[in-house]
Amino acid sequence: MRFIVYIGLLLSLLGAQEHSLATPKEAVKSYYYAMNHADIELLKKVMVKESYDETIQIYALSVALKDKAFHDVLKQYGSSPKIDKQVEEAVRKKLKNSSPKVISDLVKTPLGKSRAMVRYKEDGKKKQLYTSIHGKEWKIDYMAGRQID
Amino acid sequence: MIKNIAIAGLTVALLATSAVAAKGGKRGGGGGTTTTTMTQDQKDTLLFIYQEEKVARDTYITLGNIFTNERTFASIQGSEQKHMDSAQGLCEKYGVNISNVDETDVGVFVVPVLQELYDTLIAQGSTSALDAVKVGEYVEITDIDDLEHASIGMPDDVVSVYDNLKAGSYNHLDAFRNAISKY
C-alpha cells in the first residue's frame, strides 16, 4: 500500500515538473509539453496572452485554409469565449494529429533581469524562444527578444 | 502579428472565388506624430516586425522558385529584401539588437511560430500558381495591417519608413491582384 502511495507521489511530482515555469528553460519545456500533448489550457498558462493569441491564430490558419466555415469563426477570434473555444478546439485537434517534437541542448541567455532567451534544438534544428518573468513564473513571450534591464 | 483584420483579409486572399477584390484600407496614414523617442514596447514590436518581414521575403522566394512562370514573385523579391533592410536600418538606429535573428537561410526560422506560419503559407501556396499569388495577396494585406498598427505613436522617421513600406506593399498587392485576375 505504501509502495502505491510512493509511486503516486512520484508520478505527481513528475507531472508537476512538466508544468514548471520556475526558469526560462522550464518554461520552454512546458511549452513543448503543451504542444506535444495538445494541452491548450497548459499552453495558455505558459505563454503571455499576446503570444498565446498569436500562436493559436497562426496554428489555426492551416485549418481555416481548408474550411470556409471555420475561417469565418477564426475571423472572430477574441470576440467571445465561445468563439475562442472553437478555435482552440481546432488547434487542439491539429496538435493531437501532429508528430511530437523532441527538444534538446537547451541553453539560456539572459536578456537582463526580466527576460531571457533559450536556444535549443527541435528535432535537431536550431530554435529559440524568448521568455519574460511574471511574478515568479517565466513565460514564453515573442516580444521579449531584446534586453530591457 | 496576425491580427483579426488580417485574418479577415485572408477571406479575400485565399478563399474567395472571385478573382479580384476591391481595395480596402487607407494608404499612408500612421499618424502625424512628433515623437522622437521609442518606447520599449515599440522597440519590441520593431524587432518582431523585422522577423516577420523575413517570412514574407522567404515565402516569395520559395513560391517563385516553385512557379517560375509566375513572374510576380521574381519582380517583388528584391523589394521584399529592401523591406527587411529598412526594418534593419531602423533597428540599428534605435539600438534594437537584431544579432539574435539569423536571416541567412531561406525558409528557416528559429522562432517556432514563424516557422509554422511560413510552412502553412508554403503548403497553401504550392498547390497551384493561383494559390501562390493568393498567398502573396494575403501576405501583403497582413503586412499593411501590421504596419498601420505599428506606426501609431512612432517617431517621425519610423512613420516615414513605415509609410514607404506600406506604399510598397500596396504596389505588391496590386501586382498580386493583377496576377490573380489573369487566372
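Since this is a predicted model, take the numbers as computed values, not measurements.

A. Inspection of the overall build of chain A at higher detail. Within chain A, the regular secondary structure consists of six helices and four strands. A buried classification covers 46% of the 149 residues belonging to chain A. For chain A, contacts bridging at least 24 residues in sequence account for 46% of all contacts bridging at least 6. For chain A, the computed accessible surface area is about 8,000 Å², with 59% contributed by carbon and sulfur atoms.

B. Highlighting helix α3 (residues 71-93) of chain B. All names here are of chain B. When the terminal C-alpha atoms of α3 are compared, their 34 Å separation across 23 residues agrees well with the 33 Å that a helix rising 1.5 Å per residue should span. Largest kink in α3: about 35°, centred on Q77. All buried positions along α3 are accounted for by T72, F73, I76, E80, H83, M84, A87, L90 and C91. Elements in contact with the buried residues of α3: α2 (40-66), α5 (129-151) and α6 (156-181). Count one or two residues on from α3 and you reach G95, which has phi positive near 70°.

C. Structural view of the packing of α5(B) against α6(B). Residue and element names in this part refer to chain B. Viewed as axis vectors pointing N to C, α5 and α6 meet at an angle of 160°, and their least axial separation amounts to 9 Å. Taken as axis vectors, α5 and α6 run roughly antiparallel relative to one another. When the axes of α5 and α6 are compared, the crossing they make is left-handed. Here the contact of α5 with α6 is built from residues that sort into 14 nonpolar, four polar and seven charged.

D. Highlighting the interface of chain B and chain A. Taken together, the contact between chain B and chain A spans 31 residues of the former and 33 residues of the latter. Of the roughly 2,900 Å² buried where chain B meets chain A, counting both sides, 60% is carbon and sulfur surface. For the interface between chain B and chain A, the tally reads three salt bridges. Residue K94(A) pairs with E116(B) through a salt bridge whose shortest N-O separation is 2.5 Å. Our enumeration of links across chain B and chain A arrives at seven residue pairs in polar contact (both at pLDDT 80 or more). Contributions of two or more residues to the side of chain B that touches chain A are made by α1 (4-15), α2 and α4 (112-125) of chain B. If you tally residues by element for the side of chain B that touches chain A, the top one is α2(B), at eight residues.

E. Inspection of the packing of aromatic side chains at higher detail. One pass over the full model with this rule turns up seven aromatic pairs over all chains. When the centroid spacing of 5.1 Å and the interplanar angle of 80° are considered together, the rings of Y31(A) and Y32(A) count as edge-to-face. Judged by its relative accessible area of 1%, Y31(A) is buried. Relative to F73(B), the ring of Y60(B) has its centre 5.9 Å away and its plane inclined at 50°; by these criteria the two rings are tilted. A residue pair is termed long-range when its members are at least 10 positions apart, and Y60(B) in helix α2 and F73(B) in helix α3 qualify at 13 residues. With relative accessibility at 0%, the residue F73(B) sits in the buried group. Within the aromatic cluster, the residues linked to one another by ring pairs are Y31(A), Y32(A) and Y120(A). The aromatic ring of F109(B) is capped on one face by K54(B), whose charged end is 4.1 Å from the ring centroid.

F. Focus on the pattern of salt bridges. Overall, the coordinates contain 18 salt bridges over all chains when judged by the stated rule. D72(A) is the salt-bridge partner of K68(A), the closest N and O atoms lying 3.2 Å from each other. Residue K68(A) and its partner D72(A) are both found in helix α5 (residues 68-75); the two are separated by four residues, about one turn of the helix. A residue is classified by how much of its surface remains accessible, and K68(A), at 40% relative accessible area, is partly exposed. Judged by its relative accessible area of 25%, D72(A) is partly exposed. Of the charged contacts, one joins D163(B) and K166(B) as a salt bridge, the two residues approaching to 3.4 Å between their closest N and O atoms. Of this pair, D163(B) and K166(B) both sit in helix α6, three residues apart, roughly one helical turn. In this structure K166(B) comes out as buried when scored by relative accessible area, which is 0%. Via salt bridges that share partners, E41(A), K44(A), K85(A) and E88(A) belong to a single interconnected network.

G. Geometry of the side chain of S114(A). Residue and element names in this part refer to chain A. Structurally, S114 is set in the loop between β1 (103-110) and β2 (115-122). One polar contact links S114 to D149, side chain to side chain, over a distance of 2.7 Å. Excluding residues within four positions of it along the chain, S114 makes contact with T131, S132, I133, W138, I148 and D149.

About the thresholds
- Residues numbered from 1 in each chain as written.
- Chains lettered and ligands numbered in written order.
- Predicted model: local features only at pLDDT ≥ 70, side-chain atom pairs only at ≥ 80, totals over all residues.
- Heavy atoms only, no water.
- Helix = DSSP H or I, 4+ residues; strand = E, 2+ residues; numbered from the N terminus.
- Buried < 20%, exposed > 50% of the residue type's maximum accessible area, 1.4 Å probe, protein only.
- Contact = heavy atoms within 4.5 Å.
- Areas by Shrake-Rupley, 256 points an atom, 1.4 Å probe, with all protein chains shown as cover.
- Expected span 1.5 Å × (residues − 1).
- Bend = angle between axes of the 7 residues up to and from the residue.
- Axes fitted to C-alpha atoms, helices over the stretch in contact; angles between N-to-C directions.
- Parallel < 35°, antiparallel > 145°, perpendicular 65-115°, else oblique.
- Left-handed = near helix turned anticlockwise from the far one by under 90°.
- Nonpolar A, V, L, I, M, F, W, Y, C, P; charged D, E, K, R; others polar.
- Buried area = accessible area lost by both parts, 1.4 Å probe.
- Salt bridge = Lys/Arg side-chain N within 4 Å of Asp/Glu carboxyl O.
- Polar contact = N/O pair within 3.5 Å; in protein donor to acceptor, adjacent residues only side chain to side chain.
- Phe/Tyr/Trp six-rings, centres within 6.5 Å; stacked < 30°, edge-to-face > 60°.
- Lys NZ or Arg CZ within 6 Å of the ring centre and 35° of its normal.

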